[in-house]
Amino acid sequence: MRDTLVLNASFEPLSTVTLNRAVVLVLQDKAVVEQAHPELRMRGAAVDIPAPRVIRLCQYVRVPFRRRAPWSRRGVLVRDRHRCAYCGRRATTVDHVVPRSQGGRDTWLNTVASCAEDNHRKANRTPEEAGMPLLREPFEPTPAGAMLLALARDDFDALPEWLARDAA
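Read on for a plain summary of the structure. Going along each chain's sequence as written, the residues are numbered from 1 onward. Since the coordinates come from a predicted model, pLDDT governs what is reported: local features require at least 70, and pairs of side-chain atoms require 80 or more to be given and counted, while whole-chain, interface and lining totals use all residues. The basis for the side-chain values is all heavy atoms of the structure; hydrogens and waters are excluded.

1. Examining the overall build of the chain
Part 1: From N to C terminus, the chain includes 6 helices and 6 strands.
Part 2: In sequence order, the chain lays out its α and β elements as β-β-α-β-β-α-β-β-α-α-α-α.
Part 3: The long-range share in the chain, meaning contacts at least 24 apart out of those at least 6 apart in sequence, stands at 58%.
Part 4: Split by element, the accessible area of the chain, about 10000 Å² in all, is 52% carbon and sulfur. Only DSSP runs of H or I reaching four residues or more are called helices, and only runs of E reaching two or more are called strands; each is numbered from the N terminus. Two residues form a contact once any of their heavy atoms are found within 4.5 Å. Only the protein chains shown count as cover for residues, and all accessible areas are computed by the Shrake-Rupley method using a 1.4 Å probe.

In structure tokens form, the structure reads like this:
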């Protein structure tokens, strides 16, 4: 699982890596720990460090500018925090606001997380036609925001305040 956020030397989010990769970067002095898991520790014969949750690279890495976060079903569920856009219960599917049969596309602004019952009930209609208003409007997250939302799946409040502000 990719559960460690990597920040550039300028504190901008770059990517997520596995916990093992994060520890290797820290031990090679290529990164420093900005935030650690509260109870987890990584122990070895000559090493005992807190398990990193957020690391920052020591040297700046130039990355090409990304204008948009790539759309994915998993991304939509994470963006909506696995809550149905119609009733607020746990969501397991993705629903198209404008159905694909009516020209709707797989985009951030046309898809919402939905529970299976509401997805089936809405069927091949728009929310207005089905009489099912959205509890919240879909939005397109920034690339960095999408990464932070994915990282903070269940414990969004565990992120540092200055990072969580970027993902909201």
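2. A few points about helix H1 (residues 19–27)
Part 1: To sort residues, take the accessible area from a 1.4 Å probe on protein chains only and compare it with the maximum for the residue type: under 20% means buried, over 50% means exposed, and anything in between is partly exposed. All buried positions along H1 are accounted for by Leu19, Ala22, Val23, Leu25 and Val26. Angularly, the buried residues of H1 cover 160° about the axis, an arc narrow enough to put them on a single face. As used here, the arc belongs to the directions running from the helix axis to the C-beta atoms.

3. Brief notes about the pattern of salt bridges
Part 1: Salt bridge criterion: a side-chain nitrogen from Lys or Arg within 4 Å of a carboxyl oxygen from Asp or Glu. Counted under the stated rule, the structure contains 8 salt bridges.
Part 2: The shortest N-O distance in the salt bridge between arginine 89 and glutamate 117 comes to 3.5 Å. One end of the pair, arginine 89, is in the loop between helix H2 (73–79) and strand E5 (93–96); the other, glutamate 117, is in helix H3 (residues 116–122), with 28 residues separating them in the sequence.
Part 3: Accessibility expressed as a relative area gives 45% for arginine 89, which makes it partly exposed.

4. A few points about the environment of cysteine 87
Part 1: As for its position among the elements, cysteine 87 is in the loop between H2 and E5.
Part 2: Residue classification places cysteine 87 among the partly exposed residues on the basis of a relative accessible area of 34%.
Part 3: Filtering out sequence-adjacent residues up to four positions away, cysteine 87 remains in contact with Cys115, Asp118 and Leu135.

5. Considering the side chain of asparagine 8
Part 1: If you trace the backbone, asparagine 8 turns up in the loop between strand E1 (2–7) and strand E2 (13–18).
Part 2: For asparagine 8, a relative accessible area of 0% corresponds to the buried category.
Part 3: In terms of polar contacts, asparagine 8 uses its side chain to reach the backbone carbonyl oxygen of valine 61, at 2.6 Å.
Part 4: Discounting residues that sit within four places of it in the chain, asparagine 8 has contacts with Leu14, Arg56, Leu57, Gln59, Tyr60 and Val61. A 3.5 Å cut-off defines polar contacts: any pair of N or O atoms within that distance qualifies, except that in protein one atom must be a possible hydrogen donor and the other a possible acceptor, and neighbouring residues in sequence count only when both atoms are side-chain atoms.

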